[in-house]
Structure formats: structure tokens, C-alpha cells
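# A closer look at the structure
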There are 2 protein chains.
Amino acid sequence: MTEILNGKILAEQLQEQMRREVEDLREINIHPGLAVILVGEDAASQVYVRNKERAAQKIGIHSLVLRLPATISQAELLTEIERLNADKNFHGILVQLPLPKHINEEVILDAIDPKKDVDGFHPMNLGNLFVGKKTMVPCTPAGIMEMLKSANIELAGKNAVIIGRSNIVGKPMAHLLLAENATVTITHSKTKNLAEVASQADILVVTIGRAAFVTKDFIKEGAVVVDVGINRREDGKLIGDVDYQAVAPLCSYITPVPGGVGPMTITMLMKQTIEAAKRMEQ
Amino acid sequence: MTEILNGKILAEQLQEQMRREVEDLREINIHPGLAVILVGEDAASQVYVRNKERAAQKIGIHSLVLRLPATISQAELLTEIERLNADKNFHGILVQLPLPKHINEEVILDAIDPKKDVDGFHPMNLGNLFVGKKTMVPCTPAGIMEMLKSANIELAGKNAVIIGRSNIVGKPMAHLLLAENATVTITHSKTKNLAEVASQADILVVTIGRAAFVTKDFIKEGAVVVDVGINRREDGKLIGDVDYQAVAPLCSYITPVPGGVGPMTITMLMKQTIEAAKRMEQ
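Residues numbered from 1 in each chain as written. Chains lettered and ligands numbered in written order. Predicted model: local features only at pLDDT ≥ 70, side-chain atom pairs only at ≥ 80, totals over all residues. Heavy atoms only, no water.

## What to know about the relation of the copies chain B and chain A
Aligned on chain A, chain B shows an RMSD of 0.0 Å; the corresponding rotation is 180 degrees and the shift along the axis is 0.0 Å. What the superposition gives is, in effect, a two-fold axis relating one chain to the other. A symmetric contact is evident, with 100% of the interface residues of chain B recurring at the interface of chain A. (Least-squares fit on C-alpha atoms with pLDDT ≥ 70 in both. Contact = heavy atoms within 4.5 Å.)

## Section: the packing of helix α1 (residues 7-27) of chain A against helix α10 (residues 261-281) of chain A
Residues and elements named next belong to chain A. Two elements in contact, α1 and α10, have axes whose closest approach is 9 Å; the angle formed by their N-to-C orientations is 20 degrees. Considering their axes alone, α1 and α10 lie roughly parallel with respect to each other. Note that α1 runs across α10; the crossing there is left-handed. Contacts from Gly 7, Lys 8, Leu 10, Ala 11, Leu 14, Gln 15, Met 18, Glu 21, Val 22 and Leu 25 of α1 reach α10 at Pro 263, Met 264, Ile 266, Thr 267, Met 268, Met 270, Lys 271, Ile 274 and Lys 278. Of the residues assigned to the contact of α1 with α10, the class counts are 12 nonpolar, three polar and four charged. (Axes fitted to C-alpha atoms, helices over the stretch in contact; angles between N-to-C directions. Helix = DSSP H or I, 4+ residues; strand = E, 2+ residues; numbered from the N terminus. Parallel < 35°, antiparallel > 145°, perpendicular 65-115°, else oblique. Left-handed = near helix turned anticlockwise from the far one by under 90°. Nonpolar A, V, L, I, M, F, W, Y, C, P; charged D, E, K, R; others polar.)

## A closer look at the confidence of the model for chain A
Across chain A, the average pLDDT comes to 97, with 100% of residues at or above 70. Interface confidence for the predicted complex, expressed as ipTM, amounts to 0.96; the pTM equals 0.97. (pLDDT = per-residue confidence, 0-100.)

## Some words on the interface of chain B and chain A
With 33 residues of chain B in contact, the opposing surface of chain A contributes 33 residues. Of the roughly 2,900 Å² buried where chain B meets chain A, counting both sides, 58% is carbon and sulfur surface. There are four salt bridges connecting chain B and chain A. Between A:Lys133 and B:Glu106 there is a salt bridge, with its nearest N and O atoms 3.8 Å apart. The tally of links between chain B and chain A comes to 18 residue pairs in polar contact (both at pLDDT 80 or more). (Buried area = accessible area lost by both parts, 1.4 Å probe. Salt bridge = Lys/Arg side-chain N within 4 Å of Asp/Glu carboxyl O. Polar contact = N/O pair within 3.5 Å; in protein donor to acceptor, adjacent residues only side chain to side chain.)

## Section: the nonpolar core
Residues A:Leu177, A:Met270, B:Leu177 and B:Met270 are the most contacted members of the largest nonpolar core, which totals 118 residues. Those residues within four positions of B:Leu177 in sequence are excluded, and the remaining contacts are B:Met145, B:Leu148, B:Leu155, B:Ala160, B:Ile162, B:Ala182, B:Val184 and B:Val205. (Core = buried A, V, L, I, M, F, W, Y, C linked by side-chain atoms within 4.5 Å. Buried < 20%, exposed > 50% of the residue type's maximum accessible area, 1.4 Å probe, protein only.)

## Focus: the environment of B:Leu178
Counting through the fold element by element, B:Leu178 comes out in helix α7 (residues 170-179). Between the C-alpha atom of B:Leu178 and that of B:Glu154, which follows or precedes it by 24 residues, the distance is 13 Å. Here B:Leu178 is in contact with A:Arg165, A:Lys171, A:Ile186, A:His188 and B:Val184, once residues within four sequence places are set aside.

## Structural notes on helix α10 (residues 261-281) of chain B
Residue and element names in this part refer to chain B. Between its first and last C-alpha atoms α10 spans 31 Å; for 21 residues at 1.5 Å apiece the expected length is 30 Å, and the two agree. Residues of α10 that are buried include every one of Val 261, Met 264, Ile 266, Thr 267, Met 268, Leu 269, Met 270, Gln 272, Thr 273, Ile 274, Ala 276 and Ala 277, and no others. Contact partners of the buried residues in α10: α1 (7-27), β2 (33-39), α2 (43-59), β4 (92-95), α6 (139-150) and β8 (224-227). (Expected span 1.5 Å × (residues − 1).)

## As for the pairing of strand β7 (residues 203-206) of chain A
One face of the sheet, then the other: side chains in a regular strand alternate in exactly this way. Residues and elements named next belong to chain A. Alternating residues of β7 divide into Ile 203 and Val 205 and Leu 204 and Val 206, and every residue in both groups is buried. The pairing of strand β5 (residues 159-163) with β7 spans four bridges and is classified as parallel. Paired with Ala 160 across the bridge in β7 is Ile 203. Relative to strand β8 (residues 224-227), β7 is paired through four bridges, and the arrangement is parallel. Looking across to β8, one finds that Val 205 is bridged to Val 226. (Pairing = 2+ DSSP bridges.)

## Considerations on the environment of B:Leu64
All names here are of chain B. One can find Leu 64 in strand β3 (residues 62-68). Taking the C-alpha atoms as reference, Leu 64 lies 21 Å from Glu 105; in sequence the two are 41 residues apart. Here Leu 64 is in contact with Leu 34, Ala 35, Val 36, Leu 84 and Phe 90, once residues within four sequence places are set aside.

## Describing the packing of aromatic side chains
All names here are of chain A. One pass over the full model with this rule turns up two aromatic pairs over all chains. On the basis of an interplanar angle of 65 degrees and a centroid distance of 5.6 Å, the ring pair of Phe 213 and Phe 218 is categorised as edge-to-face. What makes Phe 213 partly exposed here is its relative accessible area of 21%. (Phe/Tyr/Trp six-rings, centres within 6.5 Å; stacked < 30°, edge-to-face > 60°.)

## A short note on the sheet that holds β8(A)
Remark on secondary structure: sheet strands pair via backbone hydrogen bonds, oriented parallel or antiparallel. Spatially, the 12 strands line up as an open sheet ordered β1(A)-β11(A)-β8(A)-β7(A)-β5(A)-β6(A)-β6(B)-β5(B)-β7(B)-β8(B)-β11(B)-β1(B), and their pairing is mixed. Where the open sheet ends on each side, the last strands, each with one partner, are β1 (3-4) of chain A together with β1 (3-4) of chain B. Note: β1(A) against strand β11 (residues 253-254) of chain A, two bridges, orientation parallel. Opposite A:Ile4, over in β11(A), you have A:Ile254 as the bridge partner. Here helix α7 (residues 170-179) of chain A sits on the sheet in contact with β5, β6 (183-187) and β7 of chain A together with β6 (183-187) of chain B, set at roughly 170 degrees to β5(A). Against the sheet, α7(B) contacts β6 of chain A together with β5 (159-163), β6 and β7 (203-206) of chain B, and its axis sits at roughly 170 degrees relative to β5(B).

## Here's the deal with the packing of α6(B) against α10(B)
Residues and elements named next belong to chain B. Contact geometry for α6 and α10: axes closest at 8 Å, N-to-C directions at 105 degrees. Our classification of the angle between α6 and α10 gives roughly perpendicular. Counting all contacts with α6, which are made through Cys 139, Thr 140, Ala 142, Gly 143, Ile 144, Glu 146 and Met 147, the residues of α10 involved are Val 261, Met 264, Thr 265, Met 268, Leu 269, Lys 271 and Gln 272. Here the residues of the contact of α6 with α10 are counted per class, giving eight nonpolar, four polar and two charged.

## Concerning α2(B)
All names here are of chain B. Spanning 17 residues, α2 covers 25 Å between terminal C-alpha atoms, matching the ideal 24 Å at 1.5 Å per step. The inward-facing, buried residues of α2 contact α1, β2, β3, β4 and α10. Just beyond α2, the residue with positive phi is Gly 60, at close to 100 degrees.

## Describing the pattern of salt bridges
Using the criterion set out here, one finds 28 salt bridges over all chains in the structure. Put simply, B:Arg19 and B:Glu23 hold a salt bridge, and the shortest N to O gap is 3.0 Å. Of this pair, B:Arg19 and B:Glu23 both sit in helix α1, four residues apart, which is roughly one turn of the helix. B:Arg19 sits in the partly exposed class, given a relative accessible area of 28%. Given the relative accessible area of 38%, B:Glu23 is considered partly exposed. Notably, a salt bridge pairs B:Lys278 with B:Glu21, separated by 2.6 Å at the nearest N-O pair. One end of the pair, B:Lys278, is in helix α10; the other, B:Glu21, is in helix α1, and 257 residues separate them in sequence. Beyond isolated ion pairs, a larger network of salt bridges with shared partners links A:Glu16, A:Arg19, A:Arg20 and A:Glu23.

## Comments concerning the pairing of β6(A)
Counted residue by residue, β6(A) has five buried out of five residues, so it is predominantly covered. Both faces of β6(A) are covered, namely the face carrying A:Thr183, A:Thr185 and A:Thr187 and the face carrying A:Val184 and A:Ile186. Here five bridges tie β5(A) to β6(A), and the two strands are oriented parallel to one another. Opposite A:Ile163, over in β6(A), you have A:Thr187 as the bridge partner. In the classification by handedness, the crossover that spans β5(A), the intervening α7(A) and the parallel β6(A) is right-handed. Inspection of the sheet shows β6(A) paired to β6(B) by three bridges, in the antiparallel sense. Looking at the pairing, A:Ile186 lines up with B:Val184 of β6(B). (Right-handed = clockwise from strand over helix to strand, strands pointing away.)

Here is the structure:
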């Protein structure tokens, strides 16, 4: 029997816990705040930012969306970040990506105070993750770890294979799984015999951004399959990087798309904002 | 035919190149300097520090060894580091480990200015390595990359397996090999069927600290084997983590112990000191 790792339900449960925690924090005069910087008019970014605002509101985190014109200079944007770094009302700062081409994303992300970097993208936080310190972690892999934990999936000694090596999903995922004593393999576009490598995985995390790329051949019977992809098919339907229909029957656990990893990402963003507030105010 | 990756000869060649570079830098008034902090009287540490002094001297890097008593407080040690962070004569600072037990190593390493962290241990530098920025890198994996490069060993698309997951060898090695498009597996004490996993490696890096741990069963015919271990046998002989006699005939390339990785580590330390000087002074 395949169990479906329902991220939507888990996210709702966690968000409800957080709502109560934020209520309690208010009594000791801690008011978690999240500042989101949105540059330009990118349609997808607008949707993502609106979803973050809504989640924050639901939990009771006060939020600010700073909407800046696409024509803003890098120096002006840095000034805004400096201002938010110094603003005690906000414990989390995130810059919605992508930024306009004339702005260097790396410079901008590096300018965020690591203590307020609730997206976990700052090299200082990634370095802390690397050495195994408690730190802010990129939200998607953090959400995946919550899902695995909530289903009591054993990780120690298991073969984990990650398909995709981005700085915000694949690489941090490797460190998080390693910290739980999994044996970790990172694969990517240059990997040879990818299906064969993947089919040795007890835990397979797919974050490659290609619709239904992972087929039955990639799967060991009984594997746990985590699908990070969100791809829009020509008919408008959202599908993952995994060919769900074909793969699901072989798995012990699988995340659906949508309703799997997606809702967990935003939930972890809220969790890290609350944690940042507690660290700064207590 | 097995080729031996002779780190001693390569280190000498590189050090000679560096000596000439330092000579040239002197003409434009750049004088690379390395400060080494040695706390207490640990015999092995004394040897390591002396070797670093000697290498620096040979290359023309001016060096300072700050010998501090084992009784120094953490606060006093931090003050010394602050002083060296501000001292323009020194472009590299390293603290010889281990430190006395009453001092928190993490706090000390984090206090070194990342720009002077020629050991590459600071979380900021490890984070930069993580995201793929040019940065100071832990010297042992940096030295291994130099050895592989100097032998023109292809890495892209190859299966690399690392045995051992320390912050200063195993993990940075994974990122360096990944950046060269290898498929990378990190294994450790909790890995199951370790010999079987290792025997799929085209490149096998062993850094587990157990004498002659890696036997023939771990090796795919034609593999490149890099042995980071240095263990002293009861009869006083230094041996690696690999059973060299048994394994070498199966390999395409292998590093001996001693005379393999060891001499490269100190060479990379010197290289990063020169690079730090160039970055700071130019």
C-alpha cells in the first residue's frame, strides 16, 4: 500500500500550531514580523508574495510587502534592505526572486542580515548548515524534512538519492539528510545512468524541473519518493517531476503535486520567522 | 598499470612556482604574511606548526607563530584574534587545533576574519563553497583537487564516493567534486554495505581515520583512489586508511601514504595565503 504524504494537511496542522504559539508570544510582547520585498511586476512573483502575506495573516505574523519599481537601482535596493535590517519590527526579511536583470541577486541576498534571513539563502546560514549548526535553512528542504519526520520515516543508514543540485533545494537537502545519518548521493544533468543510480534509493528526492521526468525505471520497490517539481502542462494542469500514476504504486510513500511539498515551503518560512522573533526578542 | 599520485613532487613544484610569485609580488610591494596561533604544548601540534613555518619560509611568506599558554582564557584568545584581524601585515590567520578543552573551538574559528581564514574553516567560507563562489577552501580537499587536476583525471559524469563526512575534508570534498560535475555520494559510519557502495566509485576518497580500512572489496577495477588517512602503526610506520599493497594493483591512480595528500595540504595553505594577500593589497 502506498501512503500519500499530504503536505496540505500537515501544513494546515503546523500553521494552526503556529497560530497558537504566536498568540502566546503576544502575551510576552513578542510580535513576529515578516518583510517581503517585491521588485517589479512579475505575475508569478505577485502570486507567491500574496500567498506569503495570506499565510502570515492567518498565523498572526504581521507582514509588510515593500513593492518597488523594476527600475530601482541596486544601490537603492540595498538601502531598503539596510533599513529593514535595522527595523526592530521585522524579524524576517525576504526578497522575492527573480530580480530585474540589472540587479545582482547575490549582492542583494548577501546584504540581508543572516539573523533575519528566513529564506535561509545567505552563505553564512548555508555555511552553518554545512557545519551542522542550528540555523535558518532553505524552506523547501526544511519542509521535506518535516514531512519525513511526521510520517516517522527512518533515515539513518538509508540510501538517499537527490536528483538536482540547486543551492536552495538539492544541496541543502543533502546536508539535512546527511545530518540524519542517511548515505547521500547527489545527482544532476551530468550524471550517467541516472535511472540506475536512482533505483538504488530508499529515499528519492526529485528537484529537476522537468515534467514527469522520473519514470518507473527510477524506482526501487518500496522507496519513499519526494517530488519537488511543479510544472504546468499544456492543458494547464500542474504536474510534478515524477510520473505519479506510473510511480506511485511502487512506493511506500509519495508526495503528490500539487498538495505535497509546496504547502510545506511557505509553512517553514513562517516557522523560521517565528523562531527568528523568539531568538531576537528573548 | 597503476599510476602513483605523488603529492610530494607536485607540492615541491607548486611551492617553487609560489616562491617565484612571491618574489614578483615583492616588486609591487606585496608581502604575504601568515600568522599561526599555537595554544599549549601539544607535541603533534608543535610539529605541524613547525612544518607550516618552514614551508612559509621556503616560499618567502613571512610568518609569525604566536605561542600562547594552555591556560589562556577564551576571551584573551579572542582578543589576540581581533588584533591579528586588524593587523595589515598578516593576510592569513590560522589557529592550530585542537584547542584546550575550556575553549570553544567554534567560537574561536568564527572570530577569524573570513578574508584571512586561509584554513577555509569559517562558516562564511564554507557557505561560499556551498553556493559555488570563489572562496577560501579547506586545504586538504583543495590539495586533492590539485592532484586530480595535475594528472588530468576526468571528473565530469564520474561516480565519486567519499568515505567520511567531516566538515574539513569529507563535506567540502563533496562540493568540490560536485562543482566539477561528478555524481557524488557521501558515506560514513552509518552507511550500510559500504564496500558495495564504494565499489561503484570511479573516484574514491577515503578520510575515515582507520588504518588499512579500505580493502580490495571496496575497489572497482580502474578506480582512482585518494587516501587522506594518516595512521601510525604499532611498529611506528605511517599508513593510510587504504590497504595500499592489496588495493594499488587494481587502481588506475592511487595516492601513497606518506607522500600523497599530506604535502598538498600545507601547500594549499601557502597558496591561499598568497591569494589572500593579492586580494587585500591589489
